[in-house]
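Examining the three-dimensional arrangement
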Amino acid sequence: DQQVKQNSPSLSVQEGRISILNCDYTNSMFDYFLWYKKYPAEGPTFLISISSIKDKNEDGRFTVFLNKSAKHLSLHIVPSQPGDSAVYFCAASARGTGFQKLVFGTGTRLLVSP
Amino acid sequence: NAGVTQTPKFQVLKTGQSMTLQCAQDMNHNSMYWYRQDPGMGLRLIYYSASEGTTDKGEVPNGYNVSRLNKREFSLRLESAAPSQTSVYFCASSEALSGRAFNQPQHFGDGTRLSIL
C-alpha cells in the first residue's frame, strides 16, 4: 500500500523554465510534508517542508504547494537550473503516530538541460 | 561540518555472513534512523531510535538488529546476510522527538552500498 505516490518517474525541463514535481498521498493523518533532493552516490538532502496548517511555503527558487482536499502537493522550481538535475523525493509524516516516521514516495528524476 | 557519517561506503558479503553498519552524527540530534533504498522504491524505514537508550521497529525490520550506542552513534547489524538485503542503506538523524520539535527535517548520510552474493 503506497501511501505516498510520485506518479512521474522522470521530468525533463529546459534551463530557465519552471519545473513542477507532483506528489499524492492517501493517508489523511499526514500533517507534515517534505521534499528531498538526491544526487547519485549521495544521501538525500532536505529541500523544503510544509505543515498541514499552510497551503504554501517558499524558499528562494523553491515553492511547495499543499492541497489538503485533493491530498496533493507539488514542488515548483523557478527558474530551473542544470544543477537542479537530481532525483526528488516527497515524504510525509503523521503527528498522530507520536513520532516522526517519514513515508517516502518513489522519486522523480528531474533533468534540466541547458 | 560532517553531519551524518556512515561507514563503510561499500561492502560485498556472502550469504550467511554478518556485518555491522556504523553511523555517527555530530549535530547533537536526539533521534536517529536506518532506511534502505531499493530500485523503483522510496526509502523504507528499518529501525529508529527516538532517543538514546530506545529503539523501535520501522516498516521492514526483519533480518536486522540495531544498537543506539550513545547519543551520537546508531549501528545496524545483519546477523545472517541474505541476497534480499542487497540494497543501499541510509542513516539519518533529526531533532524531532515530539511536541514543538516534531516538524524538523531528517538529515541523511551518504549511504552504504551493500551487495550480498
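That block above? That's the structure.
All of the points below concern the structure found in this document. This one's a predicted model, so the numbers in the text were calculated from it and none came from an experiment.

Note on terminology: a disulfide is the covalent bond linking the sulfur atoms of two cysteines. Residues and elements named next belong to chain A. If you walk through the whole model with that rule in mind, you get two disulfides over all chains. Through a disulfide, cysteine 23 is tied to cysteine 90; the S-S separation comes to 1.9 Å. Negative torsions about the S-S bond denote left-handed disulfides, and the value of about 60 degrees found for cysteine 23 with cysteine 90 makes this one right-handed. Of this pair, cysteine 23 sits in strand β3 (residues 19-25) while cysteine 90 sits in strand β9 (residues 86-93), placing them 67 residues apart in sequence. Each member of the pair, cysteine 23 as well as cysteine 90, carries the same accessibility label: buried.

This paragraph deals with the sheet that holds strand β1 (residues 4-5) of chain A. Read across the sheet, five strands follow the order β1-β3-β8-β7-β6 (chain A) without closing on themselves; strand pairing throughout is antiparallel. The open sheet has two edge strands, β1 and β6 (56-59) of chain A, and neither has a second partner.

What follows is about the pattern of salt bridges. Counting across every chain of the model gives five salt bridges over all chains. When the shortest N-O distance is used, the salt bridge between A:Asp84 and A:Arg61 registers 2.8 Å. Here A:Asp84 is found in the loop between β8 (72-77) and β9, whereas its partner A:Arg61 is found in the loop between β6 and β7 (62-67), with 23 residues between them in sequence. You can call A:Arg61 partly exposed: its relative accessible area is 21%. Salt-bridge contacts for B:Asp38 lead to B:Arg44; the nearest nitrogen and oxygen are separated by 2.7 Å.

This brings us to the pairing of strand β9 (residues 87-94) of chain B. Residue and element names in this part refer to chain B. Of all the eight residues making up β9, eight are buried; the element is thus mostly covered by neighbouring parts of the structure. The sheet contact formed by strand β4 (residues 31-37) and β9 spans seven bridges and is antiparallel. Within β9, the residue paired with glutamine 37 across the bridge is valine 88. The pairing of β9 with strand β11 (residues 112-116) spans three bridges and is classified as antiparallel. Residue pairing in the sheet places serine 87 in a bridge with leucine 114 of β11. Bridging between β9 and strand β10 (residues 107-108) involves two bridges; their strand directions are antiparallel.

Our focus in this paragraph is the interface of chain B and chain A. At the junction of the two partners, chain B supplies 26 residues and chain A supplies 23 residues. Each partner contributes to the roughly 1,900 Å² buried at the junction of chain B and chain A, and carbon and sulfur atoms together form 60% of this total. Between the two partners, chain B and chain A, sit zero salt bridges. Where chain B packs against chain A, one counts two residue pairs in polar contact (both at pLDDT 80 or more). Elements with a contribution of two residues or more to the side of chain B that touches chain A: β4, β5 (43-49) and β9 of chain B. Partitioned by chemical class, the residues of the side of chain B that touches chain A number 13 nonpolar, 11 polar and two charged.

Take the sheet that holds strand β1 (residues 4-7) of chain B next. All names here are of chain B. Pairing in this open sheet of four strands is antiparallel, and the strands run β1-β3-β8-β7 from one edge to the other. In this open sheet, the two edge strands, each paired with only one partner strand, are β1 and β7 (64-68). Averaged over all neighbouring strand pairs, the angle between strand axes comes to 20 degrees, with direction disregarded. Where β1 meets strand β3 (residues 19-25), four bridges bridge the pair, whose relative direction is antiparallel. Residue pairing across strands places valine 4 opposite glutamine 25, the latter belonging to β3.

Conventions adopted
- Residues numbered from 1 in each chain as written.
- Chains lettered and ligands numbered in written order.
- Predicted model: local features only at pLDDT ≥ 70, side-chain atom pairs only at ≥ 80, totals over all residues.
- Heavy atoms only, no water.
- Disulfide = S-S within 2.5 Å.
- Helix = DSSP H or I, 4+ residues; strand = E, 2+ residues; numbered from the N terminus.
- Buried < 20%, exposed > 50% of the residue type's maximum accessible area, 1.4 Å probe, protein only.
- Pairing = 2+ DSSP bridges.
- Salt bridge = Lys/Arg side-chain N within 4 Å of Asp/Glu carboxyl O.
- Contact = heavy atoms within 4.5 Å.
- Buried area = accessible area lost by both parts, 1.4 Å probe.
- Polar contact = N/O pair within 3.5 Å; in protein donor to acceptor, adjacent residues only side chain to side chain.
- Nonpolar A, V, L, I, M, F, W, Y, C, P; charged D, E, K, R; others polar.
- Axes fitted to C-alpha atoms, helices over the stretch in contact; angles between N-to-C directions.

Any link to function would need more than the numbers given here.
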